[in-house]
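# Close look at the chain arrangement
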Amino acid sequence: MRRALSVASSFPEDVPVGAVVFDSSGTELAAAGNEREATGDPTAHAEILALRRAASRTGSWRLEDCTLVVTLEPCTMCAGALVLARIGTLVFGAWEPKTGAAGSLWDVVRDRRLNHRPEVYSGVLEAECADLMRGFFRR
């Protein structure tokens, strides 16, 4: 999570969300921050970009043995993407009560109707992740 926080802090023009994908041995495959403002792409969320980069690096869209670590609870789009990518484990920091889709507003990642459900660990370094968000929106 500390790596994801570092990534989130390096994109000052966008909402500070950092996402990192690790393989089963703990090697970092990809990292990304939000790039919506920089690219004008509404889908350029940190999680989506990190998943794309990890898939490109591994040569497969199936990331079953991988862990996605992200500073903020994924939205519906990102939760759907990580389910489709077959991410094995999701770790997130701060809860997002307005758009969260891993237990707050929705629970896409645990929906029994879907064919894949990652293991989920929430609230990791929650206070630090939430402070980063609060600081951004205060500015």
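Here the structure is a predicted model, which means the values were calculated and not measured. (Residues numbered from 1 in each chain as written. Predicted model: local features only at pLDDT ≥ 70, side-chain atom pairs only at ≥ 80, totals over all residues. Heavy atoms only, no water.)

In this structure, V21, L51, L82, I87, L90 and V109 are the most contacted members of the largest nonpolar core, which totals 48 residues. Listing elements by their share of this core, those giving two or more residues are α1 (2–9), β1 (18–22), β2 (28–33), α3 (46–58), β3 (67–72), α4 (76–84), β4 (89–94) and α5 (126–138). Apart from residues no more than four positions distant in its own chain, V21 is found in contact with T27, E28, L29, A30, A50, L51, A54, C66, T67 and L68. (Core = buried A, V, L, I, M, F, W, Y, C linked by side-chain atoms within 4.5 Å. Buried < 20%, exposed > 50% of the residue type's maximum accessible area, 1.4 Å probe, protein only. Helix = DSSP H or I, 4+ residues; strand = E, 2+ residues; numbered from the N terminus. Contact = heavy atoms within 4.5 Å.)

Here we come to the environment of T43. Looking at the element boundaries, T43 is found in the loop between α2 (36–39) and α3. T43 sits in the partly exposed class, given a relative accessible area of 28%. Measuring from C-alpha to C-alpha, the distance between T43 and M77 comes to 8.2 Å, with 34 residues separating the pair along the chain. Aside from chain neighbours lying at most four places away, what touches T43 is I48, R52 and M77. Separated by 2.7 Å, the side chains of T43 and D41 make a polar contact. (Polar contact = N/O pair within 3.5 Å; in protein donor to acceptor, adjacent residues only side chain to side chain.)

Moving on, we get to the pattern of salt bridges. Close approach of charged atoms allows side chains of opposite charge to pair. Counting across every chain of the model gives seven salt bridges. Put simply, E128 and R2 hold a salt bridge, and the shortest N to O gap is 2.7 Å. Here the residue E128 occupies a position in helix α5, and R2 occupies one in helix α1, the gap between them amounting to 126 residues. R2 sits in the exposed class, given a relative accessible area of 53%. Note that D131 is salt-bridged to R134, the shortest N-O span being 2.7 Å. (Salt bridge = Lys/Arg side-chain N within 4 Å of Asp/Glu carboxyl O.)

The full count for this structure, using the stated rule, is two aromatic pairs. With 4.9 Å between their ring centres and 85 degrees between their planes, F92 and W95 make a pair best called edge-to-face. Owing to a relative accessible area of 0%, F92 belongs among the buried residues under this scheme. When its relative accessible area of 34% is taken as the criterion, W95 is described as partly exposed. (Phe/Tyr/Trp six-rings, centres within 6.5 Å; stacked < 30°, edge-to-face > 60°.)

Inspection of the secondary structure puts I48 in helix α3. For I48, a relative accessible area of 9% puts it in the buried group. Once the C-alpha coordinates of I48 and R36 are considered, the two residues, 12 residues apart in sequence, prove to be 11 Å apart. When residues no more than four places from it in sequence are discounted, the contact partners of I48 are T43, M77, C78 and A81.

With respect to the helices and strands, H116 occurs in the loop between β4 and β5 (119–121). Separated by 3.5 Å, the side chain of H116 and the backbone oxygen of R86 make a polar contact. At 2.7 Å, the side chain of H116 forms a polar contact with the backbone oxygen of I87. Discounting residues that sit within four places of it in the chain, H116 has contacts with V83, R86, I87, G88 and V109.

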